[in-house]
Amino acid sequence: MQDRWDDGEAARFDGAVGACVYGSRLIGREPTLVLHGGGNTSVKAPWEDVTGATIDALYVKGSGWDLATIRAPGFAPLPLQRLRDLAALDELSDPAMMRELSAARLDPAAPAPSVEALLHAVLPHVAIQHSHADTILALTNLDDGEQRVRELYGDRVLYVPYVMPGFDLAKAVGERWEGEGRDDLLGMVLLNHGLFTFGASTKAAYQAHVELITLAEQELERSAPLRVPATDPLPPADPIELADLRRELSRVADRPMVVRRHTGPAARALAQHPDRERITQQGPLTPDHVIRTKRRPLLGRDVDAFADAYREEFARFEHRGRTELAMLDPCPRVVLDDHLGMLTVGPSAKDAAIAADIYHHTMDVLLRAEALGGYRALDPEHYFDLEYWDLEQAKLRRAGPPKPLTGEVALVTGAASGIGRACCDALLDRGAAVIGVDVAPQVVDAFDGPSWLGVAADLTDQAALDEVIRAGVDRFGGVDLAVIAAGVFGATTPIAELDRDAWRSVQAINLDATAAILAAVHPLLGRAPRDGRVVLIGSKNVDAPGPGAAAYSASKAGATQLARVAALEWASDRIRVNVVHPDAVFDTALWTDERLAERAERYGLSVEAYKRRNLLGTEVRSADVARVVTDLLDPAYHATTGAQVPIDGGSDRVV
Ligand code: ZN
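Keep in mind the model is a prediction, meaning the values are calculated, not measured.

Quick word on the sheet that holds strand β3 (residues 75-79)
Backbone hydrogen bonds are what pair the strands of a sheet, in a parallel or an antiparallel way.
Part 1 of the reasoning: Strand order in the open sheet formed by seven strands is β3-β2-β1-β4-β7-β6-β5, and the pairing between neighbours is mixed. Each of the sheet's edge strands pairs with one partner strand only, and the pair in question is β3 and β5 (157-160). Taking each pair of neighbouring strands and ignoring which way they run, the sheet shows an average axis angle of 20°.
Part 2 of the reasoning: Two elements, strand β1 (residues 39-48) and strand β4 (residues 127-131), share five bridges in a ladder whose sense is antiparallel. By the bridge assignment for β4, S42 is matched with I128.
Part 3 of the reasoning: Sitting on the sheet, helix α7 (residues 145-153) touches β5 and β6 (187-190), and the angle it makes with β5 is about 175°.
Part 4 of the reasoning: Contacting β5, β6 and β7 (194-199), helix α8 (residues 167-180) runs over the sheet at an angle of about 135° to β5.

Printed below as a string of structure tokens:
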């Protein structure tokens with residue numbers, strides 16, 4: 001591990017808390033140390049109170065903050081003596097501990113303190129850095145794990161067997177420190193959990209971290225260099241097969257789940273490993289991962305068997321007299337299949353991406369541990385415990401209710417600009433994962449984040465369409481919603497002067513591609529965890545055509561007719577198909593300033609007046625259309641199919 005501490009950089013951060021912010025970011029930027037919340041830091045420094053009194057305080061990382069991007073307000077200041085008094089109690093439930101920690105905050109605006117706050121308080125050191133380093137997990141998830149780290153670090157660190165994070169862990173560490181603590185100790189290894197390092201300053205604690213992790217890295221490189229067994233590349237997955245599996249996963253989860261496919265070398269090696277049952281079914285690298293990955297992946301595709309085993313495990317809790325907790329859904333979060341590779345599963349694309357990050361690290365550690373004599377996970381009796389779920393469930397409750405389209409997957413064409421792009425924006429905003437397609441290459445980066453997949457493709461080409469579907473289903477597991485917004489206007493030409501090629505190119509995009517897309521998505525829409533839904537962006541021209549727009553008007557009328565037939569044919573598959581007819585939406589690629597000026601002039605109006613030339617005298621924007629489209633996709637419209645909704649400010653030629 002490289003020492004990235006730079007005194008010049010560090011000087012830009014103010015005081016002891018500032019140094020802790022800087023050191024935390026250095027730790028947070030190492031993905032092999034800290035993944036999605038695994039790790040925390042603290043510093044003990046005075047708090048000056050409003051009366052001028054100075055209180056000895058612990059500034060500890062608050063929940064909801066990421067170490068890589070933390071700022072000073074991400075640390076919760078707590079009175080040190082109060083924490084030590086709490087830690088001296090004989091017992092305290094974790095929910096009670098969390099309540100006490102929250103109530104003890106010296107600043108009520110500070111975030112809820114880390115669940116490991118008491119642990120930081122019972123240690124005497126000024127600065128503490130803690131990570132869930134892959135190297136420590138690789139070395140301690142072995143039969144002789146404790147012995148190995150002892151040989152590596154000798155008496156420079158303290159060794160503590162696994163205890164669930166919370167009050168009991170603080171207690172265990174406090175007792176261990178009383179008996180064996182020494183000022184010259186560099187840190188503490190929590191077996192199957194991670195590393196704490198200490199220092200009189202954050203710089204010292206950080207550099208102790210670098211030193212100890214580097215030793216572990218060297219030891220692993222020496223005794224178990226990461227060698228991913230060679231396997232053949234996996235063939236492309238059949239989208240229907242993946243969508244079927246996603247439907248099963250969503251059924252046991254009782255909500256739509258996003259499923260993401262991974263086919264890298266480690267995923268293939270583990271999915272096809274002859275010993276995969278023994279290696280993967282023991283348990284996670286550290287119990288912290290359970291909330292993201294569950295205790296074990298599903299091997300193969302028997303989702304019901306996985307769910308049954310999960311329910312049985314949960315039932316064991318009830319014997320302990322605690323029944324008030326809701327069981328999290330029994331759906332696996334990681335699936336290993338010898339044909340599909342690794343699938344990660346989550347109630348949102350973000351969750352599936354986080355599970356993937358964690359399991360990619362897990363696979364590396366599993367393969368390494370195998371080289372060291374065999375992976376040995378912590379005995380579940382040590383952690384599959386209710387207190388754990390108390391804390392995790394409190395976290396989930398804080399997250400609030402999910403957005404209405406969470407877990408659903410939308411395909412949007414014409415996604416780079418105008419109405420298509422606005423629909424993507426609105427769908428992402430309502431929680432959907434979105435596959436955005438456009439012939440314009442800027443679609444790839446039109447949005448970012450785990451819920452977005454932008455694909456540049458010409459959908460008049462059947463092979464390109466098939467490839468879009470394959471890539472989209474690999475990324476999110478299916479297609480539940482389709483918004484067909486790709487369209488061109490073509491040149492304004494009287495029928496008498498029609499150019500055959502120009503006519504054909506408008507039909508190819510507006511009509512032929514619409515038919516091809518509908519045909520391609522139908523089997524996926526029929527496998528949607530909720531009902532499948534389609535919205536076609538039609539046009540006011542369907543009911544009120546304009547002279548000179550023959551190709552456009554005819555193509556949109558044809559596409560509308562297609563959608564009506566689809567509504568008839570697919571109702572029994574529980575797929576709803578509706579059409580919106582926007583008019584005079586000028587913030588789209590169809591409308592250049594030139595065309596707008598020319599059109600306004602033809603009507604003898606200013607551009608501004610022309611834009612509002614409708615019964616309501618209102619301007620219609622792409623975002624207005626997108627809102628109606630996402631409403632039509634919403635379950636609120638579960639009883640509406642075959643409808644055509646004008647979004648045109650009211651037209652006396654249509655009403
Ligand atoms: Zn930890």
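Remarks on the sheet that holds strand β14 (residues 452-456)
Part 1 of the reasoning: Across the sheet, seven strands lie side by side as β14-β13-β12-β15-β16-β17-β18; this open sheet has parallel pairing. Two strands close off the open sheet at either side, each with one partner strand: β14 and β18 (644-647). If you compare each strand with its neighbour and ignore which way they point, the axes differ by 15° on average.
Part 2 of the reasoning: Pairing between strand β17 (residues 575-582) and β18: four bridges, direction parallel. Bridge pairing links V579 to Q644 in β18.
Part 3 of the reasoning: Sitting on the sheet, helix α19 (residues 500-525) touches β12 (409-413), β15 (481-484), β16 (532-537) and β17, and the angle it makes with β15 is about 170°.

Looking at the environment of S250
Part 1 of the reasoning: Mapped onto the fold, S250 is located in helix α10 (residues 239-253).
Part 2 of the reasoning: Judged by its relative accessible area of 3%, S250 falls in the buried class.
Part 3 of the reasoning: For the pair formed by S250 and D329, sequence separation is 79 residues and the distance between their alpha carbons is 9.9 Å.
Part 4 of the reasoning: Discounting residues that sit within four places of it in the chain, S250 has contacts with R255, P256, M257 and P529.

Considerations on the nonpolar core
Part 1 of the reasoning: Counting residues in each nonpolar core, the largest one holds 56 residues, and the members touching the most others are L411 and I435.
Part 2 of the reasoning: Counting residues per element, this core draws most heavily on α19, which supplies seven residues.
Part 3 of the reasoning: Summarising the domain contributions, this core has at least three residues from each of domain 2 (239-397) and domain 3 (409-590 + 620-647).
Part 4 of the reasoning: Apart from the residues lying within four places of it in its own chain, the contact partners of L411 are I435, V437, V468, I469, V479, L481, A482, V483, I517 and V521.
Part 5 of the reasoning: One finds L142, Y153, A216 and A369 within the second-largest nonpolar core, a separate group that totals 50 residues.

What counts, and at which threshold
Residues numbered from 1 in each chain as written. Predicted model: local features only at pLDDT ≥ 70, side-chain atom pairs only at ≥ 80, totals over all residues. Heavy atoms only, no water. Pairing = 2+ DSSP bridges. Helix = DSSP H or I, 4+ residues; strand = E, 2+ residues; numbered from the N terminus. Axes fitted to C-alpha atoms, helices over the stretch in contact; angles between N-to-C directions. Contact = heavy atoms within 4.5 Å. Buried < 20%, exposed > 50% of the residue type's maximum accessible area, 1.4 Å probe, protein only. Core = buried A, V, L, I, M, F, W, Y, C linked by side-chain atoms within 4.5 Å. Domains from an automatic or database assignment.

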